[in-house]
Amino acid sequence: MLVRIYEENPNPKAIEQAVDILKSGGVIIYPTDTVYGIGCDITNQKAIERVCQIRGLQTQKANLSFICYDLTDISQYTKPFDTSVFRLLKKALPGPFTFIFNASGQVPKLLSSKKKTVGIRVPDNNIVREIVRELGNPIVTTSIHDDDEIIEYSTDPELIYEKYGEKVDMVIDGGYGDNVASTVVDLTNGDFEVIRDGKGDLSAYL
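Let us look at the structure shown here. On a predicted model such as this, the values are computed, not experimentally measured, just so you know.

### A look at unusual backbone geometry
For the peptide bond that leads from Leu-93 to Pro-94, omega is -5°, which places it in the cis range. As for its placement among the helices and strands, Pro-94 is situated in the loop between helix H4 (83-92) and strand S5 (97-102).

### Topic: helix H1 (residues 12-23)
Between its first and last C-alpha atoms H1 spans 16 Å; for 12 residues at 1.5 Å apiece the expected length is 16 Å, and the two agree. Within H1 the residues assigned to the buried category are Ala-14, Ile-15, Ala-18, Val-19, Ile-21 and Leu-22. What you see down the axis of H1 is that its buried residues fit within an arc of 160°, all on one side. Exposed side chains of H1 directed beyond 90 degrees from the buried face belong to Pro-12, Lys-13 and Lys-23. The secondary structure elements touched by the buried residues of H1 are strand S1 (2-4), strand S2 (28-30), strand S3 (37-41), helix H6 (126-135), strand S7 (139-143) and strand S8 (170-173). A positive backbone phi angle near 90° is found at Gly-25, which sits one or two residues after H1.

### Description of the environment of Gly-174
Mapped onto the fold, Gly-174 is located in the loop between S8 and strand S9 (183-186). Gly-174 gets classed as partly exposed once you look at its relative accessible area, which sits at 26%. Residues Gly-174 and Tyr-69, spaced 105 residues apart in sequence, show a C-alpha to C-alpha distance of 18 Å.

### Points about the pairing of S8
What you see with S8 is no split at all: Met-170 and Ile-172 on one side and Val-171 and Asp-173 on the other are buried throughout. By the bridge criterion, three bridges tie S1 to S8 in an arrangement that is parallel. When the bridges of S8 are listed, Arg-4 appears paired with Asp-173.

### Re the side chain of Thr-78
For Thr-78, the location among the structural elements is in the loop between helix H3 (71-77) and H4. Here Thr-78 falls in the buried class, since its relative accessible area comes to 5%. If sequence neighbours within four positions are ignored, Thr-78 has contacts with Phe-101, Asn-102, Ala-103, Ser-104, Val-118 and Ile-120.

### Thoughts on the pattern of salt bridges
As enumerated under the stated definition, the model contains six salt bridges in all. Between Glu-134 and Arg-133 there is a salt bridge; the shortest N-O distance is 3.9 Å. Classification of Arg-133 by relative accessible area gives partly exposed; the value is 43%.

Analysis parameters
- Residues numbered from 1 in each chain as written.
- Predicted model: local features only at pLDDT ≥ 70, side-chain atom pairs only at ≥ 80, totals over all residues.
- Heavy atoms only, no water.
- Helix = DSSP H or I, 4+ residues; strand = E, 2+ residues; numbered from the N terminus.
- Expected span 1.5 Å × (residues − 1).
- Buried < 20%, exposed > 50% of the residue type's maximum accessible area, 1.4 Å probe, protein only.
- Arc of directions from axis to C-beta.
- Contact = heavy atoms within 4.5 Å.
- Pairing = 2+ DSSP bridges.
- Salt bridge = Lys/Arg side-chain N within 4 Å of Asp/Glu carboxyl O.

Function cannot be read off these values alone, since they describe shape.
Next comes the structure, spelled out in structure tokens:
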């Protein structure tokens, strides 16, 4: 199923449809403020395994991130962090960053892995944030990669649908995606260490 949703005023019925799919253990593809992502409800183990299978990842080793609606969700899944980190997050989010934290005990339970860290995203995109808000908890996410040797990420939702339409329950067409991923910032040692340069410029917030 390919569904067009506009970011400026996401259609509540289409958002509800996506949420119903997630609640029933489905997998969806959606736009973010960077590249298109594929994900599911973080509380559904079978759906997480399905996401990994579609992307050819091992569940135990996959670097899956959580998309949260805002900062209020984050503390459930991370160990406590200091005020300087909180101030930075407040400035930088929503935005094109993935922040790596030390994971709280909640994360291994959700992912059935021994993960000690967790990546958190709050993308500046109304479609996926509305889905997360209506769902009531974060979604597990990983990027949609392209088979093309030059373009790393798939940007055209119709081509994404051609490739993944049979494998997932819904592809959301939110317009062309970016082909630059989020900037990944490691916060696990108390410093702000950029481990992947992407769309976000961290120096603007330090």
